[in-house]
Amino acid sequence: MITVEDVACHDTRDMEYTEMRRPVTMEKLVSLCKRRGYIFQSSEIYGGINSCWDYGPLGVELKRNVKEAWWKAMTRDHDDIDGLDASILMHPAVWRASGHVDGFTDEMVDCKKCKERFKLEDLDATSCPKCGGELTEPRNFNLMFKTHMGAVEDDASLCYLRPETAQGIYVNFLNVLMTSRRKLPFGIAQIGKAFRNEITPGNFIFRTREFEQMEMQYFVKPDSADEHLERWREERMQWYRTIGIHPERMRFHEHGEDELAHYAARAYDIQYEFPFGWQELEGIHNRTDFDLSHHTASSGKSMTYFDDTSGERYTPYIVETSAGVDRTLLTALVDAYDEEEDRVVLRLSPRLAPVTVGIFPLVKRDGMPEIARRVRDGLRGRYKVFYDEGGSIGRRYRRQDEAGTPYGVTVDSQTLKDETVTLRDRDSMKQERVKIDELEDVIEKCVRDWSAGGS
Ligand code: GAP
């Protein structure tokens, strides 16, 4: 019998790890996501629509947990950061001032023979990489989706679906500054949808045309911006560790002059090693006073700040941390995917896992389902639980291993004698007997230790 004090929780992230052993491929992951109800192709019954995906019962829970972990880390754990939820449709002048109307473009070329379209920056050769055909001259392509507001579709009603959530924060800078009575430095955090008419979407949910961002804009004194940039990039890297991502599969990439976005003076990417190579997971940028100065000039509203400690008035610089919800979720899935001889297992952190505890009566008789439902009702206030009484216990465990459920509780004949159940650990498959009335605390300790091991 074990108690809360001596339960040993298993953190497999300390297991010996070699890159050669990684079994994950995008094909296997896409298939698991469909099989287990994580992610479906959008409009599948009509043949699907390119680059659009729907989150199923487990996917939506994982997504909520990713956003909740970020929101907590950014707002609740920081006294100097407020939240915001700005609208997707904004005044079109916002996108002229921000530089997106003129500058948010990719150069694209088409193959004259097979008609395939490419982003110029992705090409090494001057002919089509697919068929060797001749390519058209490069053309600029603006990535913003256009729409019209109101009944008349003319230039006056033109507006855009936002390509980043950041601008909603900048145009509310004065509102938040005044209502929250803030002093610099302080930040504003927001989670929301963004849209980009990407020329080459792909790699499942890695690059899509509709996605969600988790962005935080930190307003600082101009001469301190690089110092804050360094602090935030470390803090953001640490956050990925706390949600269980292997540190050795992440790295920083500092942007060279030719890579910087039109608004950035310095920038780092946090990159992750996906099955298709090292790619950006999050961007951390020193945006200088680019955005606030342009909105001041364009709107006529001064976005300067009076610093009463130094007696100076200046336009704040902005240090931005910009992460993708979908890309973080993909990273968590890729990172967690593992195969053993007779099972596929998603080793998701219990903080992120869509279901925390699976509850199983060993058989559907002798009062076991009744006890198991009682256990379920006791745990559901604290955890997302899943009750399953159908099929062999081995198959029920395997299903939950693939779904990423970290703990399984089984009610068996011993339970009828002494009110204990088995608690099964997904990663090690070890089982321990625990008293029902200590179960909640034992699980809490397991969840806590797993998280602490990753930080
Ligand atoms: N406000 C700054 C900004 O938007 P970005 O580097 O263009 O910067 C930030 O995007 C993050 O948003 C990326 O690191 C990625 O996680 C996510 N993201 C950007 N474009 C995306 C797309 N087409 N599909 C999915 N996620 C995307």
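Residues numbered from 1 in each chain as written. Predicted model: local features only at pLDDT ≥ 70, side-chain atom pairs only at ≥ 80, totals over all residues. Heavy atoms only, no water.

(A) Just the overall build of the protein, in detail. Along its length, the protein carries 13 helices and 23 strands. If one aligns the C-alpha atoms of the protein with their principal axes, the spans along those axes are about 75 × 65 × 50 Å. Taken across its 455 residues, the protein has 52% of its residues classed as buried. Residue pairs at least 24 apart in sequence account for 67% of intrachain contacts in the protein once pairs closer than 6 positions are excluded. In the form shown here, the protein has an accessible surface area of approximately 21,100 Å², with 48% of it arising from carbon and sulfur atoms. Distance between charge centroids for the protein: 5 Å, based on 64 positive and 81 negative side chains. (Helix = DSSP H or I, 4+ residues; strand = E, 2+ residues; numbered from the N terminus. Buried < 20%, exposed > 50% of the residue type's maximum accessible area, 1.4 Å probe, protein only. Contact = heavy atoms within 4.5 Å. Areas by Shrake-Rupley, 256 points an atom, 1.4 Å probe, with all protein chains shown as cover. Lys, Arg positive; Asp, Glu negative; His and termini not counted. Charge placed at Lys NZ, Arg CZ, Asp CG, Glu CD.)

(B) Spatial organisation of the environment of Asp85. Summarising the element assignment, Asp85 is placed in the loop between strand E3 (81-84) and helix H3 (92-97). For Asp85, a relative accessible area of 66% puts it in the exposed group. Distance from Asp85 to Gly390, taken between C-alpha atoms, is 43 Å for residues 305 residues apart in sequence. Filtering out sequence-adjacent residues up to four positions away, Asp85 remains in contact with Gln190 and Ile191.

(C) Focus on the sheet that holds strand E4 (residues 105-110). A sheet is described by the order of its strands in space; here three strands give the open sequence E5-E4-E6, paired in antiparallel fashion. Strand pairing shows two members of the sheet lacking a second neighbour, strand E5 (117-119) and strand E6 (139-142), which therefore form its edges. Across the sheet, the axes of successive neighbouring strands diverge by a mean angle of 45°, strand direction being ignored. As defined by bridge partners, E4 adjoins E6 across four bridges and the pair is classed as antiparallel. Bridge assignment links Glu107 to a residue of E6, and that residue is Asn140. (Pairing = 2+ DSSP bridges. Axes fitted to C-alpha atoms, helices over the stretch in contact; angles between N-to-C directions.)

(D) A look at the nonpolar core. Tyr38, Ile39, Tyr240, Leu330 and Leu333 are the most contacted members of the largest nonpolar core, which totals 57 residues. Ignoring anything within four residues of it in the chain, the contact list for Ile39 reads Cys33, Lys34, Trp53, Asp54, Tyr55, Gly56, Phe204, Ile205, Leu329 and Leu333. Of all hydrophobic cores here, the second largest spans 23 residues; its members include Val357, Val375, Val409 and Trp450. (Core = buried A, V, L, I, M, F, W, Y, C linked by side-chain atoms within 4.5 Å.)

(E) Structural context of the confidence of the model for the protein. Confidence along the protein averages 93 in pLDDT terms, with 94% of residues attaining 70 or more. Ignoring residues within four places in sequence, the model shows residues 1-18, a span with pLDDT below 50, making 45 contacts including any to other chains. (pLDDT = per-residue confidence, 0-100.)

(F) Quick look at the side chain of Thr415. Within the element layout of this structure, Thr415 appears in helix H12 (residues 413-418). Residue class for Thr415 comes out buried when judged on its relative accessible area of 1%. Among the polar contacts made by the side chain of Thr415, one reaches the main-chain amide nitrogen of Asp412 at a distance of 2.9 Å. In this view, Thr415 contacts Ile371, Thr410, Thr420, Val421, Arg433 and Ile436; residues no more than four positions away in its chain are not counted. (Polar contact = N/O pair within 3.5 Å; in protein donor to acceptor, adjacent residues only side chain to side chain.)

(G) Inspection of the pattern of salt bridges at higher detail. The tally for this structure, following the rule as stated, stands at 49 salt bridges. Among the salt bridges present, the one from Asp226 reaches Arg266, with a minimum N-O distance of 3.6 Å. A residue pair is termed long-range when its members are at least 10 positions apart, and Asp226 in helix H7 (residues 225-242) and Arg266 in strand E12 (residues 266-274) qualify at 40 residues. Judged by its relative accessible area of 24%, Arg266 is partly exposed. A cluster of three or more residues bridged by salt bridges with shared partners is formed by Asp338, Glu340, Asp342, Arg343, Arg347, Arg398, Asp401, Arg424, Arg426 and Asp427. (Salt bridge = Lys/Arg side-chain N within 4 Å of Asp/Glu carboxyl O.)

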